[in-house]
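As a plain string of letters, each chain reads:
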Amino acid sequence: MVSTMVSDATPLITFQNVSKTYPNGTEALREVSLDVPRQDFVFLVGPSGAGKSTLVRLLIREERATTGKIFVDGQELGRLKRRQLPHLRRKIGIVFQDFKLLPNLTVFQNVGFAVRVTDGELRHLKPKVEEVLSIVGLDGKEKKFPDELSGGEQQRVAIARALVHDPKIFLADEPTGNLDPATSWEILQLLLQINARGTTVLMATHNREIVDVMRRRVIAIESGRIARDEDAGGYHAQANLESR
Amino acid sequence: MLRRIWNRAEFAASSAWQNFWRNATVSVAGLLIVWVVLLALGSLLLGLHSLDEVVNVEKSRASVISIFLADSTPLSSAMDFKAHLERDPRVSAVTFVTKDQAMEKFRQMPALSPEVVESLGTNPLPASLDVTVHDIRDLAAIDKEVRASPLVDKSPATNYEPSVIDKIILLARVAGIAGLVLIIALTALSIFIIMLTIRTAIYLRRKEIEVMKLVGATDWFVRWPFILEGIMTGGAGAILAVAIVGFGYRPAVQNLQSVLIFVPFFYDPNFLRVVLAAMLAFGMFLGVFGSYLGVRRFLHQ
Ligand SMILES: Nc1ncnc2c1ncn2[C@@H]1O[C@H](COP(=O)(O)OP(=O)(O)OP(=O)(O)O)[C@@H](O)[C@H]1O
Ligand SMILES: [Mg+2]
């Protein structure tokens, strides 16, 4: 696929028979195929060790697929050279369960860090940081340090940082794993808002309540295989739900 | 564009500076070892250069042999002997030096005080025939032949001393090899310590590096602070060493000149400049190479 042929109709993310075997022999993904169209919102569910984080790591090419092909925005990740990785990663915003904020930097500096280290336009740094901080609802907290914030607020800072490059894809690997139910819902609202602005969102989660209430697309992975891929799905397969 | 370059430079410099002080012990160790290596290198180069010059002077001196004549020798016999030597194909020139001329030369030796000269009383110095040869390898044979002549003084007969030059050359060679071995060992050690410094810095910044990669920083953006830290360490060690050698060379030569009065030591400012430049370049090289090794294995995820 050549990038000039990319249109809105081509999926933003495509996995073609992707398998991943770690050097120690663990088969984390087996023959995974899936398409994620632009502006989709996808929950990635499955038991611990199923391969959700592996899929996320493949998308930012922190790991390479052992076999099969992965396309992101028309580019085949296996063909990317090492020096092209920064550009892939600027198209993808990513947050984790453990926030990954730098403790010695303020909220403003943590978000601005992503601009500085990527040679971003410095003239736009301040307005951009203020813009994303107001999207995540943290205006007024610019000068606070991470340890002065609640878990939910820290995750908002991480989300703001992931947004400074206006990513096409937003990956969230268990973003609510460390948060209480109410705060988890707030974070989810934020992700929905980001999705509504046109960004494709992929969220790996163990949060059953959220998945079941939202009724969005659900991709369930079990032992490295796609067990289920349904629109408006629940955390467990339909049969399970009905038998309750 | 300028702002962007400034941003990069400022980021790298402030990170490097922080890194240096964050693990100050290892950093200072790296700086000191670079300093020691460069001091050794500078001293060795200057020392060998001095010995080299001494050897050259001694060699040119050595192509002349003074044949001392007994005080009883009549002038005519001395002149016959001179003519005989001049006919020898191995000889390029012969000069007759009278007792008075010998005394005059002796007076002019820089290290002798006038009192010493006065205390000698009557002139004890012999007249001599100073023979210059084409090839210093013929000196030994000529020395042997002239000793048989009855005209020649017996204590001493000539000033022929074959071993001095050989000894100096041997000294230079031993000092050169020993110094080289020392410098190679210290070089390896300093590269290793700088590499260690950089790895410690990378370890302390692992979280930051992880975030940088996630948000799409380039490899070089991540590497620069650490390379710069190496350059700073090597450069600081080099500047300290250059200052010491630069200011210490002239006093050291003067000291040697006053202790070893018969050895022709020289102060050579041109060579000093070359040595200082070499030290600075080598210090930078140690820093860059050490940090490159530190960065290479550890930032390749
Ligand atoms: N770097 C690695 N080296 C070797 N094996 C790994 C590595 N990372 C993950 N694995 C293994 O691959 C499998 C899938 O792991 P992965 O982290 O993708 O699961 P997950 O679905 O994210 O689990 P969780 O819900 O607990 O986060 C597991 O068996 C795990 O032990
Ligand atoms: Mg995981």
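Treat the numbers as computed from the prediction; the structure is a model and nothing was measured. (Residues numbered from 1 in each chain as written. Chains lettered and ligands numbered in written order. Predicted model: local features only at pLDDT ≥ 70, side-chain atom pairs only at ≥ 80, totals over all residues. Heavy atoms only, no water.)

1. Things to note about the sheet that holds strand β3 (residues 41-45) of chain A
Residue and element names in this part refer to chain A. Strand order in this open sheet of 6 strands is β6-β7-β8-β3-β9-β10, and the pairing throughout is mixed. Looking at strand neighbours, the two that pair on one side only are β6 (92-96) and β10 (225-230), the edges of this open sheet. In this sheet, adjacent strand axes meet at a mean angle of 15 degrees when their direction is disregarded. Pairing of strand β7 (residues 169-173) with strand β8 (residues 200-204) involves 5 bridges; the strand directions are parallel. By the bridge assignment, D173 is partnered in β8 with A204. (Pairing = 2+ DSSP bridges. Helix = DSSP H or I, 4+ residues; strand = E, 2+ residues; numbered from the N terminus. Axes fitted to C-alpha atoms, helices over the stretch in contact; angles between N-to-C directions.)

2. What about the interface of chain A and chain B?
Taken together, the contact between chain A and chain B spans 26 residues of the former and 23 residues of the latter. Roughly 2300 Å² of surface becomes buried between chain A and chain B when both sides are summed, with 52% attributable to carbon and sulfur atoms. Among the residues of chain A in contact with chain B, R82, R116 and D119 of chain A are the three that bury the most area, contributing 30% of the side total. Viewed at the interface, chain B and chain A are joined by 4 salt bridges. At the junction of chain A and chain B, the tally comes to 8 residue pairs in polar contact (both at pLDDT 80 or more). For the side of chain A that touches chain B, the elements supplying multiple residues, two or more each, are α2 (85-90), β6 and α3 (107-116) of chain A. Partitioning the side of chain A that touches chain B into residue classes produces 11 nonpolar, 4 polar and 11 charged. (Contact = heavy atoms within 4.5 Å. Buried area = accessible area lost by both parts, 1.4 Å probe. Salt bridge = Lys/Arg side-chain N within 4 Å of Asp/Glu carboxyl O. Polar contact = N/O pair within 3.5 Å; in protein donor to acceptor, adjacent residues only side chain to side chain. Nonpolar A, V, L, I, M, F, W, Y, C, P; charged D, E, K, R; others polar.)

3. Topic: the confidence of the model for chain B
Residue and element names in this part refer to chain B. Per-residue pLDDT for chain B has a mean of 83; in total, 90% of the residues score no lower than 70. The element-level mean pLDDT for chain B is lowest in helix α5 (residues 114-118), coming to 65, with helix α8 (residues 206-215) highest at 94. The ipTM assigned to the predicted complex is 0.90, against a pTM of 0.77. (pLDDT = per-residue confidence, 0-100.)

4. What about helix α1 (residues 2-22) of chain B?
With 21 residues, α1 of chain B should reach 30 Å at 1.5 Å per residue; the first-to-last C-alpha distance of 30 Å fits that figure. Buried residues of α1 of chain B: N7, F11, A12, S15, A16, N19 and F20 of chain B, and no others. (Expected span 1.5 Å × (residues − 1). Buried < 20%, exposed > 50% of the residue type's maximum accessible area, 1.4 Å probe, protein only.)

5. Topic: the nonpolar core
If you look at the biggest cluster of nonpolar residues, it comprises 95 residues, and the most contacted ones within it are F43, I159, F170 and L188 of chain A together with M279 of chain B. Sort the elements by how many residues they give to this core and helix α2 (residues 24-62) of chain B lands first, with 12 residues. Among the nonpolar cores identified, the runner-up in size contains 32 residues, and L12, V32 and A204 of chain A together with L214 of chain B belong to it. (Core = buried A, V, L, I, M, F, W, Y, C linked by side-chain atoms within 4.5 Å.)

6. Focus on the site of ligand 1
All names here are of chain A. Taken together, 15 residues sit near ligand 1, with S48, K52, S53, T54 and H206 positioned nearest. In this structure, an oxygen atom belonging to ligand 1 sits 2.9 Å away from a main-chain N or O atom of G51. The separation between an oxygen atom of ligand 1 and a polar side-chain atom of E174 is 3.2 Å. Considering ligand 1 on its own, with 640 Å² of exposed area, one finds that the protein chains cover 67% of that surface. A per-element tally of the shell around ligand 1 places helix α1 (residues 52-59) first, with 4 residues. Split into classes, the residues belonging to the shell around ligand 1 amount to 4 nonpolar, 8 polar and 3 charged. (Near = heavy atom within 4 Å. Areas by Shrake-Rupley, 256 points an atom, 1.4 Å probe, with all protein chains shown as cover.)

7. Points about the packing of aromatic side chains
Under the definition given, this model contains 8 aromatic pairs over all chains. Ring geometry for F20 of chain B and W21 of chain B: centres 5.0 Å apart, planes at 75 degrees, overall edge-to-face. The exposure class of W21 of chain B is partly exposed, given its relative accessible area of 47%. Counting every residue linked through ring pairs, the aromatic cluster contains F113 of chain A together with F11 and F221 of chain B. (Phe/Tyr/Trp six-rings, centres within 6.5 Å; stacked < 30°, edge-to-face > 60°.)

8. Thoughts on the pattern of salt bridges
Throughout the structure, instances matching the rule amount to 26 salt bridges over all chains. Of the charged contacts, one joins D119 of chain A and R8 of chain B as a salt bridge, the two residues approaching to 2.8 Å between their closest N and O atoms. Here D119 of chain A, found in the loop between α3 and α4 (125-135), pairs with R8 of chain B, found in helix α1, and the two come from separate chains. Accessibility expressed as a relative area gives 18% for D119 of chain A, which makes it buried. Of the charged contacts, one joins E131 of chain A and K128 of chain A as a salt bridge, the two residues approaching to 3.6 Å between their closest N and O atoms. Taken together, the residues E131 of chain A and K128 of chain A, both in helix α4 and 3 residues apart, mark about one turn of the helix. One salt-bridge network, held together by shared partners, links R38, D73, K91 and K168 of chain A.

9. Re the side chain of S50 of chain B
The residue S50 of chain B is located in helix α2 in this model. When sequence neighbours within four positions are dropped, the list of residues in contact with S50 of chain B reads F265 and F266 of chain B.

10. Brief notes about a nonpolar patch on the surface
There is a patch of nonpolar side chains on the surface, built from L189, F192 and L196 of chain B and spanning about 260 Å² of accessible area. Along the polypeptide, L196 of chain B turns up in helix α7 (residues 163-204). (Patch = residues over 30% accessible without salt bridge, like charges linked within 9 Å, V, L, I, M, F, W, Y side chains within 5 Å.)

11. Details of the packing of helix α5 (residues 151-163) of chain A against helix α6 (residues 181-196) of chain A
Residue and element names in this part refer to chain A. Packing of α5 against α6 brings their axes to within 10 Å, and their N-to-C directions diverge by 15 degrees. Judged by the angle between their axes, α5 and α6 are roughly parallel. Crossing angle aside, the handedness with which α5 passes α6 is right-handed. Contact residues: α5 offers G152, Q155, R156, I159 and L163, while α6 offers T183, E186, I187, L190, L191 and I194. (Parallel < 35°, antiparallel > 145°, perpendicular 65-115°, else oblique. Left-handed = near helix turned anticlockwise from the far one by under 90°.)

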